[in-house]
Amino acid sequence: MPKALLLENIHPNAVNSLEKSGFEVETRSGALSEDELIEQLHGVDILGIRSKTSITKKVIEAHPELTAIGCFCIGTNQVDLIEAAKHGIAVFNAPYSNTRSVVELAISEIICLMRRIPAHTHHMRHGIWDKSASGSHEVRGKTLGIVGYGNIGSQLSVIAEALGMHVIFYDLEEKLALGNAVRVETFNTLLEQADIVTLHVDGRKENTRFFGEEQFSHMKEHSIFLNLSRGFVIDFEALKRHMDSGHIAGAALDVYATEPKNTGDPFENPLTDVDNVILTPHIGGSTLEAQENIGNFVSQRLENYCSLGSTMLSVNLPQITLSDYKGAARIVHLHDNLPGMLAKVNHILSDENINITAQGLATEGEFGYVVTDVSGLPSDSAIQALKEIPGTIRTQVLQHNN
């Protein structure tokens, strides 16, 4: 029985789905360190993680027998994707399943910060009655600047506009504006015009600390700042300086450069004592609805890969969408993207008089992926010959279950 290890409180739907597909499933509530992963992954076929567990080159090299990794979240920057692909380990994520949850958190935080709810709450808890409209504003008529107009940024754009906000956005790629949103040509233009700036960028290394002293300085006086994307993209000390000076009127942060691995672990940040700040523990996508959707979505991708060889929506392997078997068995062959690989696979099958009933090939970057349905089960010698083709990364034979 294949084994799955799920970390970080992944939704029970994933457990139920994998168990129904024949997996023995072990769960853990927290993340594991690099050394702990190396120790715990013996005999594991599928690993499920969220955002706090890092799958490094060292982990992958210690367990190249892993079949697949499921990231039950949006991002995959916590996984060494290239190293995983080099060992034939498919990686899947849930790029859309918690979009709405993140958007709703952003909207609620914008309203709370514009009304100075965190500051008023802090005063009330310390016995101070401060009934005043000073510094409090409606969001209607204000300009929202969205940095990163992807799945989350674009949906946030639509809802913000429904609340009466003007929306501008900046993205390195050409993106179609939704509704009345306007794409600005430069980053500084957005910072200078927006009453609220919100970051929704990806986890590429180039984004490390890209928002710092210079960017905060360009923001409007008494503007609001949000980051629900990646913790390492901003300079927290620079943000604190601009809030202490009154230049930035409020901030909401859901992600941090360094985050505790387990619930109950201590948390430190320079903004914990700053007025009108919302600090949340990376819960942008942590709603029951989102986690349920993610549990269903990623577990289905893992099951389809293990049973059908389907790499559709894999983030690190060439993508092939596959239906049920067109023969008695299916041979999946992952290899370096070299000329003549398909011919070499077919030559070995032809020498064994194995009839090919269906076949598909996809290449992407350094890798190629051939899926071949055959009328009969290939011999051990044929399977070994496929594995010995120069450039082969992984060969598997999946049998049709009647």
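Scroll up for the structure.
Basis of the calculations
Residues numbered from 1 in each chain as written. Predicted model: local features only at pLDDT ≥ 70, side-chain atom pairs only at ≥ 80, totals over all residues. Heavy atoms only, no water. Phe/Tyr/Trp six-rings, centres within 6.5 Å; stacked < 30°, edge-to-face > 60°. Helix = DSSP H or I, 4+ residues; strand = E, 2+ residues; numbered from the N terminus. Buried < 20%, exposed > 50% of the residue type's maximum accessible area, 1.4 Å probe, protein only. Lys NZ or Arg CZ within 6 Å of the ring centre and 35° of its normal. Salt bridge = Lys/Arg side-chain N within 4 Å of Asp/Glu carboxyl O.

Trainee: Got a minute to help me understand the packing of aromatic side chains in this structure?
Mentor: For any pair of aromatic rings, geometry is given as the distance between the ring centres together with the angle between the planes. Within the structure shown, the criterion is met by 11 aromatic pairs. For the pair Phe-92 and Tyr-305, a centre-to-centre distance of 5.9 Å together with 55° between the ring planes defines the contact as tilted. With Phe-92 in strand β5 (residues 90–92) and Tyr-305 in helix α11 (residues 288–308), this pair connects stretches of sequence that are 213 residues apart. Classification of Tyr-305 by relative accessible area gives buried; the value is 5%. What links up through ring pairs into an aromatic cluster is the set Tyr-170, Phe-187, Phe-210, Phe-211, Phe-216 and Phe-225. Directly above the ring of Phe-297 sits Arg-301, whose terminal nitrogen or CZ lies 4.7 Å from the centroid.

Trainee: I would appreciate a short explanation of the pattern of salt bridges in the present structure.
Mentor: When the charged atoms of two side chains with opposite charge come close together, those side chains can pair. Under the counting rule described, the total for this entry stands at 16 salt bridges. Of the charged contacts, one joins Asp-171 and Lys-175 as a salt bridge, the two residues approaching to 3.3 Å between their closest N and O atoms. Residues Arg-209 and Asp-235 are paired through a salt bridge, measuring 3.2 Å at the closest nitrogen-oxygen approach. Of this pair, Arg-209 sits in the loop between β9 (196–199) and α9 (213–218) while Asp-235 sits in the loop between β10 (223–227) and α10 (236–244), placing them 26 residues apart in sequence. If you follow the salt bridges from partner to partner, you end up with Lys-3, Glu-26 and Arg-28 in one network.

Trainee: Help me understand unusual backbone geometry in this model?
Mentor: Glycine aside, residues mostly have negative phi, and peptide bonds are mostly found in the trans state. Unusually for a residue other than glycine, Arg-209 sits at a positive phi of about 50°. A positive phi angle, close to 75°, is found at Leu-313, a residue other than glycine. Relative to the helices and strands, Leu-313 resides in the loop between α11 and β13 (329–336). Note on Leu-313: relative accessible area 30%, which makes it partly exposed.

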